[in-house]
Amino acid sequence: VRALAELGRWDEALDTADDSADERADPFTWLPVNLARADVYLKRGDAAAAARLLAACAEVLTGQDDVQHGTELSALQALLALQEDRWSDAREAVREGLRVALSADNQHRAARVVWVGTRVEADAGDDPDRAEEILSAGEAHLAALEADGALLLPRTRRYLALARAECSRLVAPAPDA
């Protein structure tokens, strides 16, 4: 599902994942599918469908500090709140995602939450210092992972580049520009 979504083949991604009606299936096993589907719905602008899937995922993850699924849930909840102009909810979802991501060694998840956090702040436009704090915390975390021998993956670097670009939206251009 995720690969099809990344290729922009959203209809196929949703068709592939649209068989979640097996009531005997463990809901945890559906997390990667439903989170990817929610991401597609958000990209398509279908906030209601995304919200339904995210609520189901949140119910499964309540009380857990799951780095892989929990941080993705937080990122998607923040993006949904962003679409709906619910700034405090977006910021709270980012805080929760950063709390989990920055205490673990999953570089991709940490970088994604950092990007979402800087995007929320850039779209809000009222706290450039907060965007820089998020970016700095993410960069420091990833630098520590690198110092421990981790090789930053291309997707990690991509999310860091996006986070830096979001922060640049908050900087006023120089008068000579």
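Up top is the structure these notes are about.
Summarised in this report is the structure supplied together with it. (Residues numbered from 1 in each chain as written. Predicted model: local features only at pLDDT ≥ 70, side-chain atom pairs only at ≥ 80, totals over all residues. Heavy atoms only, no water.)

Our next topic: the overall build of the protein chain. Helix and strand counts for the protein chain come out as nine helices and zero strands. Each helix and strand of the protein chain, ordered N terminal to C terminal, gives the series α-α-α-α-α-α-α-α-α. Going through the 177 residues of the protein chain one by one, you find that 44% of them count as buried. Intrachain contacts of the protein chain at a sequence separation of at least 6 include 65% that bridge at least 24 residues. Carbon together with sulfur atoms contributes 50% to the accessible area of the protein chain, which is approximately 9300 Å² in total. (Helix = DSSP H or I, 4+ residues; strand = E, 2+ residues; numbered from the N terminus. Buried < 20%, exposed > 50% of the residue type's maximum accessible area, 1.4 Å probe, protein only. Contact = heavy atoms within 4.5 Å. Areas by Shrake-Rupley, 256 points an atom, 1.4 Å probe, with all protein chains shown as cover.)

Further remarks concern the packing of helix α8 (residues 128–147) against helix α9 (residues 154–168). In contact at an axis separation of 10 Å, α8 and α9 are set at 155° when each is read in the N-to-C sense. Classified by the angle their axes make, α8 and α9 are roughly antiparallel. For the pair α8 and α9, the crossing hand works out as left-handed. Facing Ala131, Glu132, Leu135, Glu139, Leu142 and Glu146 of α8, the residues of α9 in contact are Thr156, Arg157, Leu160, Ala163, Arg164 and Cys167. A breakdown of the residues in the contact of α8 with α9 according to their chemical character gives six nonpolar, one polar and five charged. (Axes fitted to C-alpha atoms, helices over the stretch in contact; angles between N-to-C directions. Parallel < 35°, antiparallel > 145°, perpendicular 65-115°, else oblique. Left-handed = near helix turned anticlockwise from the far one by under 90°. Nonpolar A, V, L, I, M, F, W, Y, C, P; charged D, E, K, R; others polar.)

It is worth spelling out the packing of aromatic side chains at this point. Inspection of every chain in the model, using the stated rule, returns one aromatic pair. Residue placement shows Arg158 over the ring face of Tyr159; its charged tip is 4.9 Å from the ring centre. (Phe/Tyr/Trp six-rings, centres within 6.5 Å; stacked < 30°, edge-to-face > 60°. Lys NZ or Arg CZ within 6 Å of the ring centre and 35° of its normal.)

Let's shift gears to unusual backbone geometry. Backbone geometry at Asp85 places phi at a positive 55°, although glycine is not the residue there. Residue placement: Asp85 occurs in the loop between α5 (67–83) and α6 (87–101). Taking relative accessible area as the criterion, Asp85 reaches 52% and is therefore assigned exposed.

Tracing the backbone shows Leu35 in helix α3 (residues 31–44). Judged by relative accessible area, Leu35 falls into the buried class, the value being 2%. Taking the C-alpha atoms as reference, Leu35 lies 10.0 Å from Gly70; in sequence the two are 35 residues apart.

To continue, consider the environment of Leu79. Relative to the helices and strands, Leu79 resides in helix α5. With 40 residues separating them in the primary sequence, Leu79 and Arg119 have C-alpha atoms 8.8 Å apart. Setting aside chain neighbours within four positions, we find Leu79 in contact with Leu42, Arg112, Val116 and Arg119.

So, on to the nonpolar core. Counting residues in hydrophobic clusters, the biggest one holds 42 residues, and the most contacted among them are Leu54, Leu76, Val94, Val116 and Val120. Elements represented by at least two residues in this core include exactly α3, α4 (47–61), α5, α6, α7 (107–124), α8 and α9. Take this core: its biggest share by element is eight residues, from α5. Those residues within four positions of Leu76 in sequence are excluded, and the remaining contacts are Leu35, Ala38, Asp39, Leu42, Leu54 and Arg112. (Core = buried A, V, L, I, M, F, W, Y, C linked by side-chain atoms within 4.5 Å.)

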